[in-house]
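# Chain and residue survey
In case you want the letters, here they are:
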Amino acid sequence: SLNLKQFTDELGGLVLGGVSHVGARKCKVQLLGARLFDMFDADNNGVVDATELAAGLSILSGGTKEDKLRAAFDVFDIDGDGYVTPEEMETYLRSLFAMLYKTTPDAGRRIGMTYQRL
């Protein structure tokens, strides 16, 4: 089980590549983590357990294309204004590539550059 701080710390490690960044990018990751945490914490007890995490990930990775797009949009529309700004899209793409590099060992070789350079 993870509380909000643990959840956002882990997400930050994935998105920021384990580097201790300061400033706007870290704040955006923390906002993103809080939105995901709220989405995953189905029973609103302040903790995301393994079942809630699995359910949340299955929602984000399963369903129709429209379901996936809506879930991604809702998560990455950080300010909730109904639009994904260039900054919010950058946060999304950084998250996407961070996960790709973490889960695909030869991603750097296949893409031709390291995650940090990308």
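Figured I'd write up the structure that's included with this text. These figures come from a predicted structure and were not determined experimentally. (Residues numbered from 1 in each chain as written. Predicted model: local features only at pLDDT ≥ 70, side-chain atom pairs only at ≥ 80, totals over all residues. Heavy atoms only, no water.)

### Observations regarding helix 4 (residues 65-76)
The first and last C-alpha atoms of helix 4 sit 16 Å apart over 12 residues, in line with the 16 Å expected at 1.5 Å per residue. Within helix 4, the full set of buried residues consists of Ala-71, Val-75 and Phe-76. The buried residues of helix 4 occupy one face: seen down the axis, they fall within an arc of 120°. Looking at helix 4, the residues exposed on the side facing more than 90 degrees away from the buried face are Glu-66 and Leu-69. (Helix = DSSP H or I, 4+ residues; strand = E, 2+ residues; numbered from the N terminus. Expected span 1.5 Å × (residues − 1). Buried < 20%, exposed > 50% of the residue type's maximum accessible area, 1.4 Å probe, protein only. Arc of directions from axis to C-beta.)

### Side note on the nonpolar core
Of all hydrophobic cores here, the largest spans 10 residues; its members are Phe-7, Leu-11, Val-29, Leu-32, Leu-36, Phe-37, Phe-40, Val-48, Val-75 and Phe-76. Mapped onto this core, the elements with two or more residues apiece are helix 1 (4-15), helix 2 (24-40) and helix 4. Of the residues forming this core, the biggest block, 5 residues, is contributed by helix 2. Other than its neighbours up to four places away in sequence, Phe-40 contacts Phe-7, Val-48, Glu-52, Leu-53, Gly-56, Leu-57 and Leu-60. (Core = buried A, V, L, I, M, F, W, Y, C linked by side-chain atoms within 4.5 Å. Contact = heavy atoms within 4.5 Å.)

### Considerations on the packing of aromatic side chains
Considering all chains together, one arrives at 1 aromatic pair under this definition. A centroid spacing of 5.6 Å and a plane angle of 70° characterise the contact between Phe-7 and Phe-37, whose relative ring orientation is edge-to-face. With a gap of 30 residues between them, Phe-7 in helix 1 and Phe-37 in helix 2 connect regions that are remote in the sequence. Like Phe-37, Phe-7 is buried. (Phe/Tyr/Trp six-rings, centres within 6.5 Å; stacked < 30°, edge-to-face > 60°.)

### Concerning the pattern of salt bridges
Tallying each qualifying case throughout the model produces 3 salt bridges. Ionic pairing is found between Lys-5 and Asp-9, a salt bridge with its closest N-O pair at 2.7 Å. Taken together, the residues span about one helical turn, with Lys-5 and Asp-9 both in helix 1 at a distance of 4 residues. For Lys-5, a relative accessible area of 56% corresponds to the exposed category. Shared partners join several salt bridges into a network, and the residues in it are Asp-106, Arg-109 and Arg-110. (Salt bridge = Lys/Arg side-chain N within 4 Å of Asp/Glu carboxyl O.)

### Some words on the environment of Asn-45
Assignment of secondary structure puts Asn-45 in the loop between helix 2 and strand 2 (47-48). With a relative accessible area of 45%, Asn-45 lands in the partly exposed category. Residues Asn-45 and Asn-3, 42 residues apart in the sequence, show an inter-C-alpha distance of 9.4 Å. Reaching out from Asn-45, the side chain makes a polar contact with the backbone nitrogen of Val-47 at a distance of 3.0 Å. (Polar contact = N/O pair within 3.5 Å; in protein donor to acceptor, adjacent residues only side chain to side chain.)

### With respect to unusual backbone geometry
With a phi close to 55°, Asn-44 is a non-glycine residue in the positive phi region. For Asn-44, the position within the fold is in the loop between helix 2 and strand 2. Among the residues examined, Asn-44 registers a relative accessible area of 65% and is labelled exposed.

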